[in-house]
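# Structural overview for review
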Amino acid sequence: MSGPGLFIVGAPRSGTTLLQTILARHADLYSAPETSFFNRIVPELGVAYRYPNAKLTKVQLEFIENDFRYMTGLELSLGERVKDGTTVRDAFEAIMESFNDEGKPYWIEKTTNHARAMMLIHAFYPDAKFIHLIRDPVDSVGSMIRIRPTDVMDFRIRYVSPITGFARVWQKCVNGAFQYPYQDNVRHVFYESLLADPAPEVEGICDFLGLAYSDDMLSGFEREAEKLLSVERCPWQLDNLKPGFHQQNVGKARRELSSGDVWLIQRAVKELAATCGYYVTSASGSLPSRVASLLLELWRYGVYASSLELPLRRLVGSVRR
């Protein structure tokens, strides 16, 4: 494998953590918790910090540590790895290296929404390789819908969000990976194929990376997840701590969501989903079910567009304190 490491990208709830932990079983690969570095931290730092050699102040380095803790619930101490005047790229690599307990040569960075920041990553790492994981949009969005804030002051997630808004997130992430101009450095993997027959999929990824494949990668990977997750902060990741491949997750949302909600998702992503080979029928669901889902969706949009939720939660939080 040449280059510094590997980026795993895809829409949220597409199985990226599963793949991350499988690959982290490799003797040459280690991983870190989701950094959100290129889709969240760099934009928060400002336009001037979209360049890898831009210098960071001590205050900015503290912001990076604090944001990492807020998003993951895990401690990050850059310590002696950085100092005032460290570059943006050095700070990112210091985050990754702080989780390299075994001294492995190559890192795996997994942040789903980095699928929408691949050109920015290219500016930092022109030869970066990407694994893009794709999942049935109904299952992906259905899983996103179930995610809730961990408490009233958890502003990462809204309580009320439009289903079609989540569908557009799926579409933007998948489109971002397909539109990346350096496709020789991208391998597209389907979640359903990974679960159905993991060995050839993982062996193909190893070949793409120029690494030797081992069957050992397909067992015990849940132990890697224990190092990367705080279930208290990210309870939706609990399944990743359970051993094995969970084939029952394929088609789960199609079984559990109302036919009207499935129709809403499919309608929002129809063309791209069909391009990816997923079955999409815009006429699914009875007319009453579709009307009911559409009315509820309009209410969700109204709540979301009002922008009142977060100020109210801040007020409730201040009162509770």
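Above this note sits the structure.
Heads up: these notes are all about the structure in this document. (Residues numbered from 1 in each chain as written. Predicted model: local features only at pLDDT ≥ 70, side-chain atom pairs only at ≥ 80, totals over all residues. Heavy atoms only, no water.)

We now examine the packing of helix H1 (residues 16–23) against helix H10 (residues 221–228). Following both chains from N to C, one finds H1 and H10 inclined at 110°, their axes separated by 8 Å at the closest point. By the angle between their axes, H1 is roughly perpendicular relative to H10. Along its contact with H1, which presents Leu18, Gln20, Thr21 and Ile22, the element H10 presents Phe221, Glu224, Ala225 and Leu228. Here the residues of the contact of H1 with H10 are counted per class, giving five nonpolar, two polar and one charged. (Axes fitted to C-alpha atoms, helices over the stretch in contact; angles between N-to-C directions. Helix = DSSP H or I, 4+ residues; strand = E, 2+ residues; numbered from the N terminus. Parallel < 35°, antiparallel > 145°, perpendicular 65-115°, else oblique. Contact = heavy atoms within 4.5 Å. Nonpolar A, V, L, I, M, F, W, Y, C, P; charged D, E, K, R; others polar.)

Attention now moves to the packing of aromatic side chains. What the rule picks out here adds up to 17 aromatic pairs. Taking the centre distance of 6.1 Å and the plane angle of 15° together, the rings of Phe7 and Phe92 count as stacked. Pair noted here: Phe7 is in strand E1 (residues 5–10) and Phe92 is in helix H4 (residues 88–97), with a separation of 85 residues, a long-range link. For the pair Trp107 and Tyr125, a centre-to-centre distance of 5.6 Å together with 70° between the ring planes defines the contact as edge-to-face. With a gap of 18 residues between them, Trp107 in strand E3 (residues 106–110) and Tyr125 in the loop between helix H5 (118–124) and strand E4 (129–134) connect regions that are remote in the sequence. (Phe/Tyr/Trp six-rings, centres within 6.5 Å; stacked < 30°, edge-to-face > 60°.)

On the basis of which strands lie adjacent, the open sheet formed by five strands has the order E2-E3-E1-E4-E5 and parallel pairing. The sheet is open, and its two borders are formed by strand E2 (29–31) and strand E5 (186–190), each paired with just one other strand. Strand-to-strand twist in this sheet, taken as the mean axis angle between neighbours without regard to direction, amounts to 25°. One ladder, built from five bridges, connects E1 with E4; its direction is parallel. The partner of Leu6 across the bridge, within E4, is Lys129. (Pairing = 2+ DSSP bridges.)

Going through the model one piece at a time under the given rule, you end up with 13 salt bridges. Linking Lys227 and Glu224 is a salt bridge whose minimum nitrogen-to-oxygen distance equals 3.3 Å. Of the two residues, Lys227 and Glu224 are both situated in helix H10; the distance of three residues between them amounts to about one turn of the helix. Taking the relative accessible area as the measure of exposure, Glu224 reaches 12% and is therefore buried. Glu309 is the partner of Arg313 in a salt bridge, and the nearest nitrogen-oxygen pair spans 2.7 Å. Separated by four residues within a single helix, Arg313 and Glu309 lie in helix H14 (residues 309–320), roughly one turn from each other. Overall, the relative accessible area of 5% leaves Arg313 in the buried class. (Salt bridge = Lys/Arg side-chain N within 4 Å of Asp/Glu carboxyl O. Buried < 20%, exposed > 50% of the residue type's maximum accessible area, 1.4 Å probe, protein only.)

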